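# Remarks on the overall topology
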Amino acid sequence: MKTEISQERKTFYTIGLIITGIGFIFFLSVFAFAFLGDPFQMGFNFMAPGFIGFTLIIIGQGIMTFARLGKAGSGLVLDPKQAREDLKPYSSQVGGMLSDVLDEVDLPLQAKEVVKVRCRQCQALNDEDARFCKHCGSVL
Ligand SMILES: [Zn+2]
């Protein structure tokens, strides 16, 4: 089977993974510094790597999501087949829920068609089978 994932997306995914990994190292270093104090006596705010790490994780995850979903994730469906596959569990679940709700509500699927007749005298709308206008009493 021919893979439908482009090399570009694989590269993006790897970059995202690496950035996320670096972010995690930065993030975890906060706990190390918090535990050890400032072992190198550098006097910097050890919360800073936490913020850097957090930012890197978000950026990395964003790139990975983009790589995984491709342009479909950003609104442009390049690979509709894959997009449908991705959404299948979700859409079938929604479909199942929808039919459950419809069973529950017992909606009249064939709603009675309502035809109204407009009175020539006063323009009021009357039922199709009305013989006199309910508003002005004129013969319809
Ligand atoms: Zn009327």
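Keep in mind that this is a model prediction, so the values were computed, not measured.

Before going further, it helps to spend a moment on the coordination of the zinc ion. Surrounding the zinc ion are the protein donor atoms Cys 119 (SG), Cys 122 (SG), Cys 133 (SG) and Cys 136 (SG), at 2.3 Å. Coordination geometry of the zinc ion: the four donor atoms subtend angles of 107 to 112° at the metal centre, consistent with an arrangement described as tetrahedral. Here the donor residues of the zinc ion share one chain and are spaced in sequence as C-x2-C-x10-C-x2-C. Here Cys 122, found in the loop between strand E1 (116-118) and strand E2 (125-127), pairs with Cys 136, found in the segment after E2; they are 14 residues apart in sequence, far enough to count as distant.

So, about a nonpolar patch on the surface. Taken together, the side chains of Ile 18, Ile 22, Phe 26 and Ile 52 make up a nonpolar region of the molecular surface, amounting to roughly 330 Å² of accessible area. It is helix H1 (residues 7-36) that contributes the most residues to the nonpolar patch, three residues altogether. Along the polypeptide, Ile 18 turns up in helix H1.

Low-confidence regions, as indicated by low pLDDT, have predicted coordinates that should not be scrutinised in detail. Confidence along the protein averages 74 in pLDDT terms, with 58% of residues attaining 70 or more. By mean pLDDT, helix H3 (residues 80-105) is the weakest element of the protein at 59, and E2 is the strongest at 91.

Phi is positive for Gln 123, close to 70°, though the residue is something other than glycine. Looking at the element boundaries, Gln 123 is found in the loop between E1 and E2.

Turning to the pattern of salt bridges, a few remarks are in order. What the rule picks out here adds up to one salt bridge. Between Asp 127 and Lys 116 there is a salt bridge, and its shortest N-O distance comes to 2.9 Å. In this pair, Asp 127 sits in strand E2 while Lys 116 sits in strand E1, placing the two residues 11 residues apart along the sequence.

It is worth spelling out helix H2 (residues 48-69) at this point. Count 3.6 residues to each turn of an α-helix, and residues three or four apart come out pointing the same way. Under the 1.5 Å per step criterion, the end-to-end length of H2 is 32 Å for 22 residues, consistent within 8% with the ideal 32 Å. Where H2 is concerned, the buried positions are Pro 49, Gly 50, Gly 53, Ile 57, Gly 60, Met 64 and Ala 67. Mapping the buried residues of H2 onto a view down its axis gives an arc of 115°, with all of them on the same face. Residues of H2 that are exposed and point more than 90 degrees away from the buried face comprise Phe 51 and Ile 58. Where H2 is buried, its residues meet H1.

Attention shifts here to the packing of H1 against H2. The contact between H1 and H2 brings their axes to 7 Å, and the two run at 160°. By the angle class used here, H1 and H2 are roughly antiparallel. Relative to H2, H1 is oriented so that their crossing is left-handed. Across the contact of H1 with H2, the residue classes break down as 20 nonpolar, eight polar and two charged.

Each value, and the rule that gives it
Residues numbered from 1 in each chain as written. Predicted model: local features only at pLDDT ≥ 70, side-chain atom pairs only at ≥ 80, totals over all residues. Heavy atoms only, no water. Donors = N, O, S within 2.8 Å, 3.2 Å for Na, K, Ca; no water. Tetrahedral: all angles 85-135°; square planar, octahedral: opposite > 155°, others 65-115°. Helix = DSSP H or I, 4+ residues; strand = E, 2+ residues; numbered from the N terminus. Patch = residues over 30% accessible without salt bridge, like charges linked within 9 Å, V, L, I, M, F, W, Y side chains within 5 Å. Areas by Shrake-Rupley, 256 points an atom, 1.4 Å probe, with all protein chains shown as cover. Salt bridge = Lys/Arg side-chain N within 4 Å of Asp/Glu carboxyl O. pLDDT = per-residue confidence, 0-100. Expected span 1.5 Å × (residues − 1). Buried < 20%, exposed > 50% of the residue type's maximum accessible area, 1.4 Å probe, protein only. Arc of directions from axis to C-beta. Contact = heavy atoms within 4.5 Å. Axes fitted to C-alpha atoms, helices over the stretch in contact; angles between N-to-C directions. Parallel < 35°, antiparallel > 145°, perpendicular 65-115°, else oblique. Left-handed = near helix turned anticlockwise from the far one by under 90°. Nonpolar A, V, L, I, M, F, W, Y, C, P; charged D, E, K, R; others polar.

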